[in-house]
Each structure stands twice: as structure tokens, then as C-alpha cells.
Amino acid sequence: MRAITALFFLFCFLVPSALAQLRLGFYGRSCPRAESIVANVVANRFRRDRSITAAFLRMQFHDCFVRGCDASLLIDPRPGRPSEKSTGPNASVRGYEVIDEAKRQLEAACPRTVSCADIVTLATRDSVALAGGPRFSVPTGRRDGLRSSPNDVNLPGPTIPVGASIQLFAAQGMNVNDMVTLIGGGHSVGVTHCSLFQDRLADPAMDHTLNARLRNTCRAPNDPSVFLDQRTPFTVDNAIYGEIQRQRGILRIDQNLGLDRSTRGIVSSFASSNALFRQRFAQAMVKMGTIRVLTGRSGEIRRNCRVFNNGR
């Protein structure tokens with residue numbers, strides 16, 4: 001815990017511009033129970049559904065990598081006005097109702113004070129800890145965006161080459177280490193559908209036992225799903241990196257991280273040390289949460305996370 005806290009403060013010094021108006025305990029006076037309200041809502045859902053961690057990790061990634069961490073992903077589409085939520089890569093994002101419940105309780109306790117963007121960040125942080133991942137502090141003070149358009153969505157697919165993924169992360173201010181940490185950590189929990197890894201099933205280098213098991217599962221109708229991490233599918237840990245080293249990465253991008261010269265050393269380091277992975281994952285999550293944030297007078301504090309305050 002001390003190492004992760006120290007790492008967070010080191011990160012603060014390294015990226016002062018991104019964190020200039022975000023701070024730990026931002027709601028200490030304006031809404032003292034803000035973080036505990038979110039934590040309780042998330043814990044209640046986690047007790048019934050441990051897969052919610054994977055849902056939140058995906059939600060935050062898909063939000064932050066499009067126009068920054070501004071909760072633009074949460075806006076519902078309307079007739080004649082599509083939103084990020086309505087476009088292909090986001091069709092399977094879920095967990096919105098948990099954000100809604102946290103927002104409902106926060107509006108009752110502290111009206112128009114806590115942003116939806118901060119709720120997503122806090123909910124993801126709390127769900128990671130519940131799933132056995134690192135506990136870390138996140139600065140708050142984000143405000144909600146005023147635009148949500150499917151035209152802005154450009155997210156990496158499961159077969160993206162490592163070089164292209166590096167470029168996409170670099171455009172968001174994230175380095176190669178961040179990329180390997182967030183992709184592997186995000187895929188340490190959750191599932192993927194058979195239609196998204198047919199290319200891996202055709203790869204003769206894939207572990208034969210796993211390949212046979214996956215082929216058998218994928219023979220079923222309705223595009224079945226499988227765990228991305230076959231060893232510890234509900235725990236945020238380093239197990240997936242060891243699987244990648246054994247040619248057991250299910251998605252092409254996961255396996256390529258273990259093969260590409262620019263990333264295989266990082267994969268090896270994480271496979272050897274869960275402590276190192278936990279530290280780097282905490283750092284990368286904090287960093288991702290600062291991508292192009294709105295603060296101060298920018299944006300708004302939505303009353304309903306699904307709708308802009310002006311109703312449009």
C-alpha cells in the first residue's frame with residue numbers, strides 16, 4: 001500500500017499539467033460522503049456480480065480514450081441524435097445502471113456536486129480493489145463533457161497490431177508500459193466472444209489443449225463467450241501475462257504483446273512479479289483517469305448521467 005501511495009505522488013510530480021486542478025479529497029467539504037457512497041453502491045453490485053469489475057474497466061477505458069474522461073460515453077442516444085453509446089465498439093459496454101444508482105444517491109446527498117466522470121473513475125477504482133487488485137487513491141474534480149458523438153469513437157480492436165496500439169496510446173499521453181499494463185490488466189478479468197478470436201484458433205502456435213477446448217466451446221450457437229484469463233478470471237492480477245508466455249493469449253492483441261520486441265520484456269516482468277504488476281497497474285489507472293479531463297468552469301455537473309443538463 002505504501003509503495004502504491006508513493007508511486008501515486010511520484011506520478012503527480014511527473015504529470016503536473018494533467019493533475020493541476022484534480023486533487024485527492026476534492027469533495028472533502030462539498031460532499032464528504034461522496035467516495036463512500038460510490039464504494040457502497042459498487043460493493044452491493046459486486047456481491048451479486050463479480051464480473052462488474054471487467055465492465056467498469058471497459059467503461060472507463062472506452063470513455064477516456066474518446067475525448068478524454070468526461071463521461072461522454074454515458075449519454076443515451078435519442079432519435080436523430082446518436083451518441084458514443086450507440087456506436088459499434090460500445091454496444092457491449094455495460095454497468096450504466098450502477099452509475100445511475102450512485103448518481104441518484106449522490107444527488108440526494110449533495111445536489112449538482114459530484115460529476116458523472118468522477119463516479120466512473122471511483123467506481124472502477126473500487127471494483128478493482130474488490131476483485132483482488134491494488135487499492136489506490138485517485139484525484140477527483142473532473143467535470144462532465146458537453147458532446148457525445150459516434151464520429152469521435154476510434155477504439156482499438158482485438159486484432160490491432162502492437163505498433164498501431166502503441167501509437168494510439170501515445171496519442172493519449174500513455175507510454176508502452178502503460179499500454180501493456182492496461183491491456184493485460186483489463187483483460188485479466190472479463191470475457192470475449194468467439195467471433196473476436198477466430199484468428200487465434202487458426203494459429204498453430206496457440207497452446208493445443210486450450211485451442212481444442214475453445215473450438216469445442218465455440219461450436220455452440222449464438223457466439224458463446226469465454227474468459228480472457230483462463231486461470232483467475234475474476235481476479236485483477238498478473239496471471240494473464242504468464243498465460244501469454246505459454247501461447248495461451250486468447251485475443252490476438254494479448255498474444256502479440258508477448259511476441260513483439262517492444263513489449264515482450266514488460267510481459268515477462270509482469271509474469272514474474274504480481275507486486276510489480278500491481279504497482280504499475282495502479283499508476284497506469286491513475287494516469288488514464290487524467291486524459292484530457294475537464295475541470296474548473298469547463299463542462300458541467302450533470303444531474304442525470306445519461307442526459308446533458310440542457311436536455312439535448
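Quick look at the structure, then. (Residues numbered from 1 in each chain as written. Predicted model: local features only at pLDDT ≥ 70, side-chain atom pairs only at ≥ 80, totals over all residues. Heavy atoms only, no water.)

Overview of the packing of aromatic side chains
Next, step 1: Taken as a whole and judged by the stated rule, the model has 9 aromatic pairs.
Next, step 2: Ring geometry for Tyr241 and Phe277: centres 5.6 Å apart, planes at 55°, overall tilted. Taken together, the positions of Tyr241 in helix H10 (residues 239–245) and Phe277 in helix H13 (residues 274–288) put the pair 36 residues apart, joining distant regions of the chain.
Next, step 3: What links up through ring pairs into an aromatic cluster is the set Tyr241, Phe270, Phe277 and Phe281. (Phe/Tyr/Trp six-rings, centres within 6.5 Å; stacked < 30°, edge-to-face > 60°. Helix = DSSP H or I, 4+ residues; strand = E, 2+ residues; numbered from the N terminus.)

Observations concerning the packing of helix H3 (residues 52–64) against helix H4 (residues 96–109)
Axis angle and axis distance: for two packed helices, these are the angle between their axes and the distance between the axes, and together they describe the pair.
Next, step 1: Between H3 and H4, whose axes approach to 10 Å, the crossing angle comes to 85°. The angle between the axes of H3 and H4 places the two elements in the roughly perpendicular class. On the side of H3, the interface is formed by Ile52, Phe56 and Met59, while H4 contributes Tyr96, Val98 and Ile99.
Next, step 2: Across the contact of H3 with H4, the residue classes break down as 6 nonpolar, no polar and no charged. (Axes fitted to C-alpha atoms, helices over the stretch in contact; angles between N-to-C directions. Parallel < 35°, antiparallel > 145°, perpendicular 65-115°, else oblique. Contact = heavy atoms within 4.5 Å. Nonpolar A, V, L, I, M, F, W, Y, C, P; charged D, E, K, R; others polar.)

So, the state of the cysteines
Next, step 1: Tallied over the full model, the rule gives 4 disulfides.
Next, step 2: The disulfide that involves Cys64 links it to Cys69, with 2.0 Å between the sulfurs. Torsion about the S-S bond of the Cys64 and Cys69 cystine: about 120°, corresponding to right-handed handedness. Exposure class is identical for Cys64 and Cys69. Each is buried.
Next, step 3: Linked covalently through their sulfurs, Cys194 and Cys218 form a disulfide whose S-S length is 2.0 Å. Between Cys194 and Cys218, the S-S torsion sits near -85°, and that sign places the bridge as left-handed. (Disulfide = S-S within 2.5 Å. Buried < 20%, exposed > 50% of the residue type's maximum accessible area, 1.4 Å probe, protein only.)

Remarks on the side chain of Arg125
Next, step 1: Looking at the secondary structure, you find Arg125 in helix H5 (residues 116–130).
Next, step 2: Arg125 gets classed as buried once you look at its relative accessible area, which sits at 12%.
Next, step 3: Beyond its immediate chain neighbours, meaning those up to four positions away, Arg125 contacts Glu35, Phe136, Ser137 and Val138.

Some remarks on the environment of Arg292
Next, step 1: By secondary structure assignment, the location of Arg292 is in the segment after H13.
Next, step 2: Given a relative accessible area of 47%, Arg292 falls into the partly exposed group.
Next, step 3: Residues Arg292 and Arg81, spaced 211 residues apart in sequence, show a C-alpha to C-alpha distance of 24 Å.
Next, step 4: The residues touching Arg292, leaving out its near neighbours within four places in the chain, are Cys64, Phe65, Val66, Arg67, Gly68, Cys69 and Gln172.
Next, step 5: At a separation of 3.0 Å, a polar atom in the side chain of Arg292 contacts the side chain of Gln172. (Polar contact = N/O pair within 3.5 Å; in protein donor to acceptor, adjacent residues only side chain to side chain.)

Side note on the environment of His208
Next, step 1: Looking at where His208 falls in the secondary structure, it is placed in helix H9 (residues 208–218).
Next, step 2: Along the chain, His208 and Glu97 lie 111 residues apart, while their C-alpha atoms are 40 Å from each other.

Digging into the nonpolar core
Next, step 1: Counting residues in hydrophobic clusters, the biggest one holds 83 residues, and the most contacted among them are Met59, Phe65, Leu74, Ile99, Phe169, Phe197 and Met288.
Next, step 2: It is H3 that provides the largest number of residues to this core, a total of 8 residues.
Next, step 3: The contact partners of Phe197, leaving out residues within four places of it in the chain, are Thr192, Leu214, Cys218, Val226, Ile250 and Leu251. (Core = buried A, V, L, I, M, F, W, Y, C linked by side-chain atoms within 4.5 Å.)

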